[in-house]
Amino acid sequence: MEKSIKVYVVVIIVIVLFAIFGFILITRDNKELANYINNAATLISLVLGLIAIFYSIVTNQQSSENFARLSDVVKKIEESAKSITSVPKNIDDKLENMKKEIIAAQKDKGNHRLSENSITQENNQSININDIDDTTPDQN
């Protein structure tokens, strides 16, 4: 199938070349026809040049619009990255506040103080965190 298509294409190209060659032989002495063809080729070149210029302007405008959209997306990504980087600091601040509240609640209870790793009684005797009962100060 592909060979037959290639053969047809080659035959068509040969016929077109013979037609062009025959046209040139017939009209080679006709200067007026040569001038018409020359003028037509010049006009076609000008029109194609204008189309190319118009196409490049439209493409440039689309590129500018795409760049503006891309710039907006980059700004949004930067804002998201900033908010994500502030999350650990916010968590640390909240954990510190929770630790202070627990220490204050334990001091209000009067029996225990909370350090970072263990809870110690007022007489500095260490208590394992697992030994503490599950009751909260509000339940006592």
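Residues numbered from 1 in each chain as written. Predicted model: local features only at pLDDT ≥ 70, side-chain atom pairs only at ≥ 80, totals over all residues. Heavy atoms only, no water.

## Notes on the overall build of the protein
Item 1. Assigned secondary structure in the protein consists of 2 helices and 3 strands.
Item 2. When each of the 140 residues of the protein is scored for burial, the buried share is 4%.
Item 3. Within the protein, counting contacts between residues at least 6 apart in sequence, those at least 24 apart form 7% of the total. (Helix = DSSP H or I, 4+ residues; strand = E, 2+ residues; numbered from the N terminus. Buried < 20%, exposed > 50% of the residue type's maximum accessible area, 1.4 Å probe, protein only. Contact = heavy atoms within 4.5 Å.)

## With respect to helix α2 (residues 31–109)
Item 1. A rise of 1.5 Å per residue sets the reference length of α2, with its 79 residues, at 117 Å; its end C-alpha atoms lie 116 Å apart and thus fit the reference within 8%.
Item 2. In α2, a bend of some 30° at Val-87 exceeds every other bend along the element, and Pro-88, a proline, comes one to four places later. (Expected span 1.5 Å × (residues − 1). Bend = angle between axes of the 7 residues up to and from the residue.)

## Here we look at a nonpolar patch on the surface
Item 1. Judged by side-chain polarity, Tyr-8, Ile-12, Val-16, Ile-20, Phe-23, Ile-24 and Ile-37 come together as a nonpolar surface patch covering roughly 690 Å² of accessible area.
Item 2. With 6 residues, the top contributor of residues to the nonpolar patch is helix α1 (residues 2–27).
Item 3. Relative to the elements of secondary structure, Ile-37 occurs in helix α2.
Item 4. Accessibility expressed as a relative area gives 41% for Ile-37, which makes it partly exposed. (Patch = residues over 30% accessible without salt bridge, like charges linked within 9 Å, V, L, I, M, F, W, Y side chains within 5 Å. Areas by Shrake-Rupley, 256 points an atom, 1.4 Å probe, with all protein chains shown as cover. Salt bridge = Lys/Arg side-chain N within 4 Å of Asp/Glu carboxyl O.)

## Comments concerning the confidence of the model for the protein
Item 1. Of all residues in the protein, 76% have pLDDT values of 70 or greater, and the mean over the chain is 77.
Item 2. Considering each helix and strand of the protein separately, the mean pLDDT is smallest for strand β2 (residues 119–121), with a value of 44, and largest for α2, with 87.
Item 3. When the criterion is pLDDT under 50, residues 112–133 qualifies, and its contacts beyond four places in sequence or with other chains add up to 30 contacts. (pLDDT = per-residue confidence, 0-100.)

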